[in-house]
Amino acid sequence: MKVRKQKAISFDEARRRRGLQVLAVLSALIAAVFVISMNTGYIHLTPPQLLHTLLGRGTDKQELILFDFRLPRIVISILIGAGLAVSGAVMQGVFRNDLADPGILGINAGAGLMVMLLVSFYPATTAAPVFMLPLVAFVGAACTAAMIYALAYKRHEGISPIRLLLTGVAVAAGMSAAMIVLTLRLDPDKYQFVATWLAGSIWGTSWKFVLSLLPWILILLPYVIYKARVMNVLNLGDQTATGLGAAVTKEQFRLLGAAVGLAAASVAVSGGIGFVGLVGPHLARRLVGPKHQLMLPASALLGSLLVLTADTIGRWILQPSEIPAGIVVAVIGAPYFLYLLARTRS
Amino acid sequence: MSQQTATGTGPLRRQNEVKLRSRPWAATLILVGGLIALALGIAVSVSFGAADIKLPVVWNAIFHFNPDITDHQIIRELRLPRVLGGVMIGASFAVAGAIMQGMTRNPLADSGLMGINSGAGFALALVFAFMPNLPFMGLILYAFAGAGAGAAVVYGIGSLAKGGLTPERLVLAGAALSALLSALSEGVALYFKIGQDLAFWYAGGIAGTKWFQLKIMFPWVFVAILGAIALSRSITMLSLGEDIAKGLGQRTGLVKLAGALIVLVLAGSSVSVVGAVGFIGLIIPHLTRYLVGVDYRWIIPCSAVLGSLLVVLADLTARTIIPQHETPLGAILALIGVPFFLYLARKERREL
């Protein structure tokens, strides 16, 4: 008996240790891709040049490229990757649905529609008030989430996982269509913007976009990780969770609000990147197990790694033209979604 | 008490009987009225546009063509092929949807939702990239192959799943495959710098329809729709369930193969002209079934007529809703189609 208990503790401890190792490795990988990404682009910077520029001894041109173009974009990739992945992790947890993801559920599209409307009132895309973007996106995303919930909800049955996804996919298609129709009406030149947004290009690439996104991530991400224990309990099922003393409905509402906020703020400065919220949490669960204390940070890191790598590949593979990060992510994420779909039971 | 229940269920049962019955009169009415409405729609569509052209001029342009008059040129070269293209693809997508829904007893079946359109579209992207000089005839054949591959992947993944092939699973697999293929197509377009050629594919539009495309497409579509009508009796039997169809002595495998080929030809050739336009094959067969009953001998021709009408009207809307700008046809159809899809996905009982 005693031995057994000890074994259980050590198993938990081993898992925690392993989890921390995984987190360290992931951080190291992100740092590596970070460096590669700084080197990648139309104008090549050699590692010594890079170092010089970072230390403030580069030419004006090198500084411009690095500090004004590449660095903000890299930082944004990291932030939205973390935001989207954690958002997906929360949705999967709350809905207990393996296939949930803010992109697939149409929440990104709802945020995008509002961003599009805001942007279309300004003559140039970049003239829009950047700090408003995440807020407006949040309103759009929250309305969409409420709509999807209402449409998928059935009395006596609640929400079935597949119906939720189906509703989300359809709403996303409708939102994209509305985006095209509305923006054409407002300004024909904005069509290009809509097209790149839908393709999932990271469009906000200056420091002010970073600043507008940062508070959302800095507040919501720790909040969700702080709620990791609650999410562990929620995972046991509504009845068990209630029995264990969790205010299930209230907690679900708060967590979903945080998830919607993370997704909305992320896509407000990037394009509609899907599948990050699907792939990140799944891989994280495989690497560190289902406990949210480790799973959520691991998801965040994996999401950052995924988007950063995708953006770097997109910039590198077809120089001088770029492939939007969303396309690269979709090429990785869609087959994974199909694989999961084939595995889950109805 | 017992009397009450009897009166309670009586009307309900009668209603069911009415629903299950086929209504040849309604069907005939739709065929005749639909064709008249279609002719009117074509006339209005040809005369409306950036340059308003009076109907008599339209008449003259068609029957007494004079190449020196600009209006005649506009009608002959731009508007007529466009509206006729709309008629053909509307009929094709609608009939393809009707066959799919009937054969698979899947209320959510539509070539757009099942990955068939995006398969054909991806094949076109590859053809534009690697064989830019391929004639349209060859292009269409590749589109058929792509459509087949898309369908195979979606059905393959759908049936791999534990718990079997459900309509919802097929839609989700179709959505994921579409996301993947459109990402790949976009990558191909960027790599080979053929974005211009492929632009139609994203938006879905019949604006660029050319006479030569219609000439090549027409025999395929015509034969396929005739084939669908010839097959319609067997499809009605299949729609009762595969066991019943077998019991009635049908060789279901053969019928399914023929039906699948027809669907691929219809969807593939339409996609190669207008790109991945969805939802026609979802809305129209349901509407038709509601109007004419469950007999596919009536559903298929009526679907063809109503599908054409829908596309002609949607295209007219797309051109006139915002003057000067053309709204992509695919977007208009999605705006109509999505609420309908949501309604179907929610519905409890599935009647096919």
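Treat the numbers as computed from the prediction; the structure is a model and nothing was measured.

(A) Structural view of empty space enclosed by the protein. Tallying each qualifying case throughout the model produces one cavity of 30 Å³ or more. Lining the largest cavity, in full, are A:L151, A:R163, A:T167, B:L342, B:A345 and B:R346. Elements supplying a minimum of two residues to the lining of the largest cavity: helix 6 (161–186) of chain A together with helix 14 (329–346) of chain B. Along the lines of polarity and charge, the residues of the lining of the largest cavity split into three nonpolar, one polar and two charged.

(B) Seen up close, the environment of A:A325. Residues and elements named next belong to chain A. On the secondary structure map, A325 appears in helix 14 (residues 325–343). Taking C-alpha positions, A325 is 8.2 Å from A199, a pair spaced 126 residues apart along the chain. Contacts of A325, omitting those with residues within four sequence positions, involve G200, S201, I202, I273, A310 and D311.

(C) Quick peek at the packing of helix 3 (residues 60–95) of chain A against helix 13 (residues 292–316) of chain A. Residues and elements named next belong to chain A. At their nearest, the axes of helix 3 and helix 13 sit 7 Å apart, and the two run at 135° to each other. Judged on the interaxial angle alone, helix 13 and helix 3 are oblique. For the pair helix 3 and helix 13, the crossing hand works out as right-handed. Contacts between helix 3 and helix 13 involve R70, R73, I74, S77, I78, I80, G81, A82, A85, V86 and A89 on the former and, on the latter, M295, L296, S299, A300, G303, S304, V307, L308, D311 and R315. Within the contact of helix 3 with helix 13, the residues separate by chemical class into twelve nonpolar, five polar and four charged.

(D) Examining the confidence of the model for chain A more closely. Within chain A, residue pLDDT values average 85, and 93% of them lie at 70 or more. The weakest mean pLDDT in chain A belongs to helix 7 (residues 191–199) of chain A at 72; the strongest belongs to helix 13 of chain A at 93.

(E) Expanded view of the interface of chain B and chain A. In this complex, chain B contributes 40 residues to the contact, which on the side of chain A involves 44 residues. When chain B packs against chain A, the two sides together hide about 3,500 Å² of surface, and 76% of this comes from carbon and sulfur. The largest share of the area that chain B buries against chain A comes from B:R169, B:L172 and B:R346, three residues that together contribute 19% of it. One can count zero salt bridges joining chain B with chain A. Along the contact surface separating chain B from chain A lie one residue pair in polar contact (both at pLDDT 80 or more). Of all the secondary-structure elements, those providing two or more residues to the side of chain B that touches chain A are helix 6 (136–160), helix 7 (167–192) and helix 14 of chain B. When the residues that make up the side of chain B that touches chain A are grouped by side-chain class, the tally is 27 nonpolar, five polar and eight charged.

(F) Representation of the environment of A:F253. With respect to the helices and strands, the residue A:F253 is situated in helix 11 (residues 248–269). Separated by 159 residues in sequence, A:F253 and A:V94 place their C-alpha atoms 9.1 Å apart.

(G) Fine view of the packing of helix 13 of chain A against helix 14 of chain A. Residues and elements named next belong to chain A. Close contact between helix 13 and helix 14 brings their axes to 8 Å; oriented N to C, the two are set at 115°. Along this stretch, helix 13 crosses helix 14, giving a crossing that reads as right-handed. Between helix 13, through L306, A310, D311, I313 and G314, and helix 14, the contact on the second element is made entirely by A325, V328, V329 and I332. When grouped by side-chain class, the residues that make up the contact of helix 13 with helix 14 number seven nonpolar, one polar and one charged.

(H) Local environment of helix 2 (residues 24–47) of chain B. Residues and elements named next belong to chain B. Taking 1.5 Å per residue, 24 residues should reach 34 Å; helix 2 reaches 34 Å between its end C-alpha atoms and fits that length. Looking at helix 2, one finds that the buried residues are A27, I30, G34, L38, G41, I42, S45, V46 and S47. In this fold, the buried residues of helix 2 make contact with helix 3 (55–63), helix 4 (70–104), helix 12 (280–292) and helix 13 (296–320). In the stretch just after helix 2, G49 is the one whose phi turns positive, near 155°.

Definitions and cut-offs
Residues numbered from 1 in each chain as written. Chains lettered and ligands numbered in written order. Predicted model: local features only at pLDDT ≥ 70, side-chain atom pairs only at ≥ 80, totals over all residues. Heavy atoms only, no water. 1 Å grid on protein atoms, 1.4 Å probe; cavity = no way out; pocket = protein on both sides within 12 Å on 5 of 7 lines; lining within 4 Å. Points joined across faces, edges and corners; volume = space filled by probe spheres on them. Helix = DSSP H or I, 4+ residues; strand = E, 2+ residues; numbered from the N terminus. Nonpolar A, V, L, I, M, F, W, Y, C, P; charged D, E, K, R; others polar. Contact = heavy atoms within 4.5 Å. Axes fitted to C-alpha atoms, helices over the stretch in contact; angles between N-to-C directions. Parallel < 35°, antiparallel > 145°, perpendicular 65-115°, else oblique. Left-handed = near helix turned anticlockwise from the far one by under 90°. pLDDT = per-residue confidence, 0-100. Buried area = accessible area lost by both parts, 1.4 Å probe. Salt bridge = Lys/Arg side-chain N within 4 Å of Asp/Glu carboxyl O. Polar contact = N/O pair within 3.5 Å; in protein donor to acceptor, adjacent residues only side chain to side chain. Expected span 1.5 Å × (residues − 1). Buried < 20%, exposed > 50% of the residue type's maximum accessible area, 1.4 Å probe, protein only.

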